[in-house]
Number of protein chains: 2
Amino acid sequence: MKDLLPNGALDAEALDTLFLEARSQNAWQDKDIPEEILEQLYDLVKMGPTSANCSPARFVFIRSREAKELLAPALSSGNRDKTLSAPVTVIVCQDMAFYDKLGELFPHVDAKPWFTGSEAMISETAFRNSSLQGGYLIMAARALGLDCGPMSGFDAKLVEQTFLAGTSWKVNFMVNLGYGDPSQVFGRLPRLKMEDACKLL
Amino acid sequence: MKDLLPNGALDAEALDTLFLEARSQNAWQDKDIPEEILEQLYDLVKMGPTSANCSPARFVFIRSREAKELLAPALSSGNRDKTLSAPVTVIVCQDMAFYDKLGELFPHVDAKPWFTGSEAMISETAFRNSSLQGGYLIMAARALGLDCGPMSGFDAKLVEQTFLAGTSWKVNFMVNLGYGDPSQVFGRLPRLKMEDACKLL
């Protein structure tokens, strides 16, 4: 197989799959995601770059009916039905003690003192980099042929009480994963023109 | 051309380009990025999902020698040489007045009042979603055959004084773009095992 153009770029079909034709989903086909695909997904996501390889994102994959029922009370009304019917809902988390893993992740420098004692540096680094990794998750899922439905409309405190009590993890946002029902996708919303969002200097 | 597997997934070569073989770069070939490629890049990035389509990321593409010289004093010593030699450095910004564009971006609902008056909601939404869009930028650049070098080691206040004065934009992080010199890439750092970063419920 050969899918790269001579300049190393992906071809048009791949760009459609990742960006141009991919759509946030509101309803799902009745088709499960095998655990093997979730392992492939994590194996892609983990390779995306983070600052000093700090890798603060953590992922809670909600699959069972029992776990979905625990999640339900935390969902906003507009997100409830689609989330309960998605084969997998990922709670994208940030580990506020991510610096404890730097000895393993960034072994050539003692980077932990860059963070300890600086709450602002910890929370900024965890939030920026776990959000970046959330972006990699969305792209990796699409690259594996899955559809996504990212959401930030939920009761974060309740999600943390229910699923993250006793850990150093905090919730960032959520992503439903599965095989979407194209008939339930909303119309495409406008995007900002390049001249309104970019400067070339 | 046909680069999708029967299940809609990208093939192995594309996954290598996006995730598995892609590496953060420390040195660059002497090869420019035409403006047309930057336009293609933005046209991919802008399609990635954000909450309520709020699209808070803004991008300053630093290309000219003059602009690079203005940027130089804000760079940490470890980031200076590679940034000055990169054909393009993107300052990934967040527009703290992103809600002023919601009438254009989310026209079916009056979403601006969700944000106005709530500084915490504004800064959380801008930071999360502009970071997500920064992740899309890295993936889109790789998809177009470019290499990336993301960085957060710089003097953000000085970058804002130099390039963003008089705007509602704040800096989030930076990404060098170009065609990397593979001989200058560092060894791959370890990643967290799935059982240390994920829970399946």
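Residues numbered from 1 in each chain as written. Chains lettered and ligands numbered in written order. Predicted model: local features only at pLDDT ≥ 70, side-chain atom pairs only at ≥ 80, totals over all residues. Heavy atoms only, no water.

Per an unreviewed UniProt entry, chain A is named Putative NADH dehydrogenase/NAD(P)H nitroreductase CEW88_03065, and its organism is Alloyangia pacifica. As recorded by UniProt, the Sequence similarities (unreviewed entry) comment attached to chain A reads in full: "Belongs to the nitroreductase family. HadB/RutE subfamily." (UniProt positions renumbered as here; feature names shortened; annotations may be inferred.)

Undergrad: Just checking my understanding: could you explain the overall build of chain A for this structure?
TA: Secondary structure summary: chain A contains eight helices and five strands in total. Mapped in sequence order, the helices and strands of chain A form the string α-α-β-α-α-β-α-α-β-α-β-α-β. Against the globule reference of 17 Å for 201 residues, chain A gives a C-alpha radius of gyration of 18 Å, in line with a compact fold. Seen through its principal axes, chain A has C-alpha atoms that stretch 50 × 50 × 40 Å. The buried share of chain A, reckoned over its 201 residues, is 56%. For chain A, the share of sequence-separated contacts (at least 6 apart) that also reach a separation of at least 24 residues comes to 80%. Carbon and sulfur atoms form 51% of the exposed surface of chain A, whose accessible area is close to 8,400 Å². If the 20 positive side-chain charges of chain A are averaged to one point and the 26 negative ones to another, these points end up 5 Å apart. (Helix = DSSP H or I, 4+ residues; strand = E, 2+ residues; numbered from the N terminus. Rg over C-alpha atoms; globule rule 2.2 N^0.38 Å. Buried < 20%, exposed > 50% of the residue type's maximum accessible area, 1.4 Å probe, protein only. Contact = heavy atoms within 4.5 Å. Areas by Shrake-Rupley, 256 points an atom, 1.4 Å probe, with all protein chains shown as cover. Lys, Arg positive; Asp, Glu negative; His and termini not counted. Charge placed at Lys NZ, Arg CZ, Asp CG, Glu CD.)

Undergrad: Would you mind going over the interface of chain B and chain A with me for this structure?
TA: One widely used convention gives an interface's size as the accessible area the parts lose upon coming together. Across the contact, 81 residues belong to chain B and 81 residues belong to chain A. Between chain B and chain A lies a buried interface of about 7,400 Å² when both sides are counted; carbon and sulfur atoms form 67% of it. When the area that chain B buries against chain A is broken down by residue, the three leading residues are Arg-191, Leu-192 and Leu-201 of chain B, summing to 11%. Here chain B is connected to chain A by zero salt bridges. There are 26 residue pairs in polar contact (both at pLDDT 80 or more) connecting chain B and chain A. Listing elements by their share of the side of chain B that touches chain A, those giving two or more residues are helix 1 (12–20), helix 2 (35–45), strand 1 (57–62), helix 5 (102–105), helix 6 (119–143), strand 4 (169–178), helix 8 (194–197) and strand 5 (198–200) of chain B. Examining the composition of the side of chain B that touches chain A, we find that 13 residues originate from one element, helix 6 of chain B, more than from any other. Here the side of chain B that touches chain A is built from residues that sort into 44 nonpolar, 17 polar and 20 charged. (Buried area = accessible area lost by both parts, 1.4 Å probe. Salt bridge = Lys/Arg side-chain N within 4 Å of Asp/Glu carboxyl O. Polar contact = N/O pair within 3.5 Å; in protein donor to acceptor, adjacent residues only side chain to side chain. Nonpolar A, V, L, I, M, F, W, Y, C, P; charged D, E, K, R; others polar.)

Undergrad: How should I be thinking about unusual backbone geometry in this particular structure?
TA: Across residues other than glycine, the phi torsion is negative in most instances, and most of the peptide bonds are trans. Residues and elements named next belong to chain A. Phi at Ser-55 takes a positive value of approximately 45 degrees, unusual for a residue other than glycine. Along the chain, the position of Ser-55 falls in the loop between helix 2 (35–45) and strand 1 (57–62). Using a relative accessible area of 6% as the deciding quantity, one classes Ser-55 as buried.

Undergrad: Just checking my understanding: could you explain the nonpolar core for this structure?
TA: Here is a general trend for soluble globular proteins: nonpolar side chains tend to be buried in one another's company. Leu-41, Phe-59 and Leu-177 of chain A together with Leu-41, Phe-59 and Leu-177 of chain B are the most contacted members of the largest nonpolar core, which has 76 residues in total. Those residues in contact with Leu-177 of chain A that sit more than four places away from it in its chain are Trp-28, Ile-33, Leu-38, Leu-41, Ala-86, Pro-87, Val-88, Val-90, Ala-141, Asp-147 and Cys-148 of chain A. (Core = buried A, V, L, I, M, F, W, Y, C linked by side-chain atoms within 4.5 Å.)

Undergrad: For this particular structure, what's the right way to read the pairing of strand 2 (residues 88–95) of chain B?
TA: Side-chain direction in a regular strand flips from residue to residue, so the side chains alternate between the two faces of the sheet. Residue and element names in this part refer to chain B. Where burial is concerned, most of strand 2 is hidden: eight out of the eight residues are buried. A two-sided burial pattern is seen for strand 2, the buried positions comprising Val-88, Val-90, Val-92 and Gln-94 on one face and Thr-89, Ile-91, Cys-93 and Asp-95 on the other. Judged from the six bridges that link them, strand 1 and strand 2 form a sheet pairing that is antiparallel. Its bridge partner lying in strand 2, Phe-61 is registered against Val-90. The sheet contact formed by strand 2 and strand 4 spans eight bridges and is antiparallel. (Pairing = 2+ DSSP bridges.)

Undergrad: Where do I start with the sheet that holds strand 1 of chain B in this structure?
TA: Each strand in a sheet pairs with its neighbour through backbone hydrogen bonds, running either in the same direction (parallel) or in the opposite one (antiparallel). Across the sheet, five strands lie side by side as 5(A)-1(B)-2(B)-4(B)-3(B); this open sheet has mixed pairing. Strand pairing shows two members of the sheet lacking a second neighbour, strand 5 (198–200) of chain A together with strand 3 (147–151) of chain B, which therefore form its edges. Within this sheet the neighbouring strands show an average axis-to-axis angle of 20 degrees, counted without direction. Here strand 5 of chain A runs beside strand 1 of chain B; their pairing, made up of three bridges, is parallel. (Axes fitted to C-alpha atoms, helices over the stretch in contact; angles between N-to-C directions.)

Undergrad: Quick question: what am I supposed to make of the pattern of salt bridges here?
TA: Any two side chains of opposite charge can pair, given that their charged atoms come close. Residues and elements named next belong to chain A. All chains considered together, the criterion is met by 14 salt bridges over all chains. Of the charged contacts, one joins Lys-46 and Asp-43 as a salt bridge, the two residues approaching to 3.1 Å between their closest N and O atoms. Notably, a salt bridge pairs Lys-112 with Asp-100, separated by 3.0 Å at the nearest N-O pair. Highlighted residues: Lys-112 in the loop between helix 5 (102–105) and helix 6 (119–143) and Asp-100 in the loop between strand 2 (88–95) and helix 5, separated in sequence by 12 residues. Overall, Lys-112 belongs to the partly exposed group, its relative accessible area being 34%.

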